[in-house]
Amino acid sequence: LPIAAVSGALSVGLGAFGAHALRQTLTEARRETFEVAVRYQFYHSLALFGVAILASRTPPLPSAGWIGALLLGGIVLFSGSLYALVWTDKSWLGAITPIGGVLLILGWLGLALAAWRGMPGT
């Protein structure tokens, strides 16, 4: 839960920083990349928050740990690589982004599978 909250707070802070402080220094394409990073970080911070809640309920979601790890890894690799790409202009960092995207997708699929298994009659 604390990691999700910190990630959410960071995404709001980075979003504000990007909207105000970086407006004049980045090209339009780089601003759009930065905004994608912030948006995905925020959405997946909310997902992490939901997984943390499911992990804390009784009975807890047994797979919450690995689902959370996939989502957190996805945030770090997807959004982190985009932030680094914007700040350093090192285009090779863009090759890391899809790995983060795959982790995010796997996190969502893991959550879907856990929900499916938790449904009555399955």
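Above this note sits the structure.
Conventions used here
- Residues numbered from 1 in each chain as written.
- Predicted model: local features only at pLDDT ≥ 70, side-chain atom pairs only at ≥ 80, totals over all residues.
- Heavy atoms only, no water.
- Salt bridge = Lys/Arg side-chain N within 4 Å of Asp/Glu carboxyl O.
- Helix = DSSP H or I, 4+ residues; strand = E, 2+ residues; numbered from the N terminus.
- Buried < 20%, exposed > 50% of the residue type's maximum accessible area, 1.4 Å probe, protein only.
- Axes fitted to C-alpha atoms, helices over the stretch in contact; angles between N-to-C directions.
- Parallel < 35°, antiparallel > 145°, perpendicular 65-115°, else oblique.
- Left-handed = near helix turned anticlockwise from the far one by under 90°.
- Contact = heavy atoms within 4.5 Å.
- Nonpolar A, V, L, I, M, F, W, Y, C, P; charged D, E, K, R; others polar.
- Expected span 1.5 Å × (residues − 1).
- Bend = angle between axes of the 7 residues up to and from the residue.
- Core = buried A, V, L, I, M, F, W, Y, C linked by side-chain atoms within 4.5 Å.

> What should I look at first to understand the pattern of salt bridges in this one?
Any two side chains of opposite charge can pair, so long as their charged atoms come close to each other. The tally for this structure, following the rule as stated, stands at one salt bridge. We note a salt bridge from Asp89 to Arg30, for which the minimum N-O separation is 2.2 Å. Of this pair, Asp89 sits in the loop between helix H3 (64-88) and helix H4 (97-118) while Arg30 sits in helix H2 (residues 28-56), and the two are 59 residues apart along the sequence. The partly exposed category is assigned to Arg30, whose relative accessible area is 22%.

> What am I meant to see in the packing of H2 against H4 here?
In a pair of packed helices, the angle between the axes and the distance between the axes together describe the arrangement. Interaxial distance between H2 and H4 falls to 12 Å at its minimum, and their mutual angle equals 30°. Our classification of the angle between H2 and H4 gives roughly parallel. Two packed elements cross with a definite hand, and for H2 against H4 that hand is left-handed. Contacts between H2 and H4 involve Tyr40, His44, Ala47, Val51 and Leu54 on the former and, on the latter, Leu104, Trp108 and Leu111. Residues of the contact of H2 with H4, tallied by class, amount to seven nonpolar, one polar and no charged.

> Could you clarify how one ought to interpret H3 in this entry?
Because an α-helix packs 3.6 residues into every turn, residues spaced three or four apart end up facing the same way. Relative to the 36 Å expected for 25 residues at 1.5 Å per residue, H3 spans 34 Å between its end C-alpha atoms, a close match to the ideal helical length. If you look at H3, its biggest bend is around 25°, right at Gly80.

> So what exactly am I meant to see when it comes to the nonpolar core here?
Taken as a class, soluble globular proteins show a tendency for nonpolar side chains to be buried jointly. Core analysis: the largest hydrophobic core is formed by 24 residues, its most contacted members being Phe34, Val51, Leu61, Ile67, Leu71 and Tyr83. When contributions to this core are tallied by element, the ones reaching two or more residues are helix H1 (2-20), H2, H3 and H4. Looking at which element gives the most residues to this core, the answer is H3, with nine residues. Once residues within four sequence positions are removed from consideration, Ile67 is found in contact with Val51, Leu61, Gly107, Gly110, Leu111 and Ala114.

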